[in-house]
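# What the coordinates show
Each chain, written out:
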Amino acid sequence: MTTLRLDRTAIAPIATKKAKILSSHNVERTDNYYWMRDDDRSAPAVLEHLAAENAYCDAVLKPTEELQHQLFAELKGRIQKDDSTVPVKDGDYWYHSEVTGDDEYARHYRTTSFAGDNKLLLLDVNALASEHEFYDLGEIGISPNDELLAYSEDTESRRIYTVRFKHIASNTFLDDVLENTEGQVIWANDNKTVFYVRKDLQTLLGYQVYRHILGTPQSEDVLVYEEDDHSFYMGLGKSRDDSLLMIDLAATETTDCLVLDANNPMGEFKRLIPREENHIYDIDKLGDEYVIYSNWQAKNFRVLTANAQTISQKSQWQEFVAHRTNVLIEGIELFNQFKVVTERELGQIRFIIYPKNGDSFALVFDDPCFFAGIGDNPEPNTDKARIFYSSLTTPSSLFEFDLNTGEKRVLKQQKVLGEFDATHYQAERLMITSRDGVDIPVSLVYRKDLFKQDGSNPIYQYGYGAYGITIDPNFSAHNLSLLDRGFVYAIAHVRGSEMLGREWYEQGKMQHKQNSFNDFIDVTKALVEKGYGAKDKVFASGGSAGGLLMGAVVNQAPELYLGIDCTVPFLDVLTTMLDESIPLTTNEYDEWGNPNERDAYDWIKAYSPYDNICAQDYPNILVTTGFHDSQVQYWEPMKWVAKLREYKTDNNLLLFKTDMDSGHGGASGRFKSLKERALVLAFFLSLLAEK
């Protein structure tokens, strides 16, 4: 390992303290750094302190600049510069995208055949992004007659999208512009009426659906639905047979759906079934059949069917796939002659094919642990289905399965340039017993010739554990830079995900949130005990809600970790959840609890990373965020770092880097984001070099 040293002589900025008393339930908290919140993002004191933190981070990491350049070159060197997606047929045309050279963004095309005949450029995202520091293309929607294109764009990284329209044949833009939207647009079947979700610019919650007629100003758009319950997220969709426009509403524990005949856009959206608390479901329609994915009398969900006469009466629904206590049903894709159901058992995804005529069967994969998901299949009248596949040792692949036989062919596999050879790496799935006797799944991978299992390898452990989101064992070309230097990479599938079913999620949320932290800590200890790594060479990483995981873990078991990567982290849980003006707070009550209620206040306060900083030694920590983050506001990590500097009793590094142009997703573009990754890798490797 190199003799590289970080610059530990640089002086860390010390934040000004301005005491603010926060009171709830007759309990007072003093927040000395509340002043760092600036909704307008213009306060000189805030900007000056962020600039000082960035300068300090740059100074400490300056000796790693050469290493960062090397790592960036490694990461970029694995990417195929000239690449394209596999064309997908939708109606009369085939659609694909291409990237070339050093371009950061894709160009989107359509053709009249899979082979690429009559290739027509739809959008050049490089041109659209050329005048912006940040650019995110939201969604592209083609009108039913294939003549018009709608697309949404975010140029500030706040996930507030502007929708624009283009006439495809003439390559001219329409005058219509829709501001402050969620980014989705659905077309009615008349090719001139669209629907979109407008955002509340304070809470960033999409709560209103508007109807827009092309050729008219946005000021004349008609409000067709408004949701008063701000615990719901709102989205739009269209049924599989394109006959229904759908408003989908989703809270943590309840969903709802309203529909409108796509041929009658001037009509009224109406519910298919009454809203019912704790009923989570999804409805689709193909022909005369409605298919419902539902947790009604089924914790791990089941699949039911109905028709136009029975859809409003749950008691008349017909069971298609029964509930099972050990199998989580995750979704269903409809085809004219087949249904494809996605299931998960013992943490592993599988797909069950149900032919209209014939027996069901499962699709087969080879790796011991992997991720797979239904791909883009816009045409229901086919006997082929595209499925994405990836494992810790297998680059992302697109398979096409014959739904009659289960036979598959590879349409494309991600090319990893350089010296990558999948046979050099080994993946494993372990079950680690936690302190309360529950087995925690762990997916890990290492390079065979560098792994000794004698307790000498460095470990890089990742976790998330919230919202029922499962972090499946995907291939990561970025992690090769660590694996090829002897690291063992492990994903701890802690409670809070749905890796082992709905109960696994429920045991990692609300009053049970501490389980997520215990699981992560216990996995770390077990991996060291089992010889997968050295106890003094353990690194951990998490982002967003996974950043909360990191914040809690370093408060509760700081001695276990040499270095922590904490990305766009949710750290000031109690204060944020008490403030309904902060974006997305009300949507999160069923996840974390509503601290306006005393029980929830107490259990959040018991683990909230910001509130539980204490005088103790902490690991080396790198915190990164985006100034325009709309999910986790920049001031949460800013406050946490300031308070941690005040309390920590060690000489370990605490670095804070804010990207002043980005938001929750980090830098835009396929290469810019690699610089952020190279920074984190250099931080880890430099700490390791100092051992």
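Use the structure listed above.
Fair warning: this is a prediction, and the values are worked out from it, not measured in the lab.

## Some points on the overall build of the protein chain
Per the secondary structure count, the protein chain includes 12 helices and 38 strands. Against the globule reference of 26 Å for 691 residues, the protein chain gives a C-alpha radius of gyration of 25 Å, in line with a compact fold. Taken over the C-alpha atoms alone, the protein chain extends approximately 70 × 55 × 50 Å along its principal axes. Within the protein chain, the fraction of its 691 residues that count as buried is 59%. A total of about 28,000 Å² of accessible surface is found on the protein chain, and carbon and sulfur atoms cover 46% of it. The centroid of the 70 positive side-chain charges in the protein chain is displaced by 4 Å from the centroid of its 107 negative side-chain charges.

## As for helix α2 (residues 65-77)
The end-to-end C-alpha separation of α2 is 18 Å, in line with the 18 Å expected for 13 residues at 1.5 Å each. Listing the buried residues of α2 in full gives Leu67, Gln68, Leu71, Phe72 and Leu75. Angularly, the buried residues of α2 cover 135 degrees about the axis, an arc narrow enough to put them on a single face. In this structure, α2 carries Glu66 and His69 as exposed residues pointing more than 90 degrees from its buried face. Among the structural elements, α1 (44-61), α4 (480-483) and α12 (672-689) are those in contact with the buried residues of α2.

## Quick word on the packing of aromatic side chains
The full count for this structure, using the stated rule, is 32 aromatic pairs. Judged by centre distance (6.3 Å) and plane angle (25 degrees), the ring pair of Phe365 and Phe399 falls under stacked. Note that Phe365 is positioned in the loop between β26 (361-362) and β27 (370-374) and Phe399 in strand β29 (residues 397-402), a separation of 34 residues in sequence. Across the pair, exposure class does not vary: Phe365 and Phe399 are buried alike. In this structure an aromatic cluster arises from ring pairing among Phe351, Phe365, Phe370, Tyr389, Phe399 and Phe401.

## Some remarks on the pattern of salt bridges
Scanning all chains against the criterion turns up 47 salt bridges. Ionic pairing is found between Asp256 and Arg271, a salt bridge with its closest N-O pair at 2.6 Å. With Asp256 in strand β17 (residues 255-261) and Arg271 in strand β18 (residues 270-271), the pair connects residues that are 15 residues apart, well separated along the chain. Among the residues examined, Asp256 registers a relative accessible area of 2% and is labelled buried. Its salt-bridge partner being Glu289, residue Lys339 comes within 3.0 Å of it at the nearest N-O pair. With a gap of 50 residues between them, Lys339 in strand β24 (residues 338-345) and Glu289 in strand β20 (residues 289-294) connect regions that are remote in the sequence. Among the charged side chains, a salt-bridge network with shared partners connects Glu227, Asp256, Arg271 and Arg275.

## A look at the nonpolar core
One finds Leu444, Phe520, Tyr561, Trp592 and Trp640 to be the most contacted residues of the largest nonpolar core, which totals 71 residues. Among the elements that line this core, the one with the most residues is helix α7 (residues 545-556), at 7 residues. Setting aside anything within four residues of it in sequence, one finds Leu444 in contact with Leu392, Gln426, Ala427, Glu428, Leu430, Val488, Tyr489, Ala490, Leu527 and Tyr532.

## Focus on helix α6 (residues 514-529)
Each α-helix winds once per 3.6 residues, and so residues spaced three or four apart point in a common direction. The terminal C-alpha atoms of α6, which comprises 16 residues, lie 23 Å apart, in line with the 22 Å expected from a rise of 1.5 Å per residue. For α6, the buried fraction is high: 12 of the 16 residues fall into the buried class. Once α6 finishes, Gly531 follows within two positions and takes phi at roughly 85 degrees, a positive value.

## Quick notes on the sheet that holds β20
In any sheet, the strands associate via hydrogen bonds between backbone groups, in a parallel or an antiparallel arrangement. Pairing in this open sheet of 4 strands is antiparallel, and the strands run β19-β20-β21-β22 from one edge to the other. On the outer flanks of this sheet lie β19 (281-286) and β22 (318-321), each paired with one strand and no other. In this sheet, neighbouring strand axes are inclined to one another by 30 degrees on average, regardless of whether the strands run parallel or antiparallel. Where β19 meets β20, 6 bridges bridge the pair, whose relative direction is antiparallel. Across the sheet, the residue bridging to Lys285 is Tyr290, located in β20.

Cut-offs and rules
Residues numbered from 1 in each chain as written. Predicted model: local features only at pLDDT ≥ 70, side-chain atom pairs only at ≥ 80, totals over all residues. Heavy atoms only, no water. Helix = DSSP H or I, 4+ residues; strand = E, 2+ residues; numbered from the N terminus. Rg over C-alpha atoms; globule rule 2.2 N^0.38 Å. Buried < 20%, exposed > 50% of the residue type's maximum accessible area, 1.4 Å probe, protein only. Areas by Shrake-Rupley, 256 points an atom, 1.4 Å probe, with all protein chains shown as cover. Lys, Arg positive; Asp, Glu negative; His and termini not counted. Charge placed at Lys NZ, Arg CZ, Asp CG, Glu CD. Expected span 1.5 Å × (residues − 1). Arc of directions from axis to C-beta. Contact = heavy atoms within 4.5 Å. Phe/Tyr/Trp six-rings, centres within 6.5 Å; stacked < 30°, edge-to-face > 60°. Salt bridge = Lys/Arg side-chain N within 4 Å of Asp/Glu carboxyl O. Core = buried A, V, L, I, M, F, W, Y, C linked by side-chain atoms within 4.5 Å. Pairing = 2+ DSSP bridges. Axes fitted to C-alpha atoms, helices over the stretch in contact; angles between N-to-C directions.

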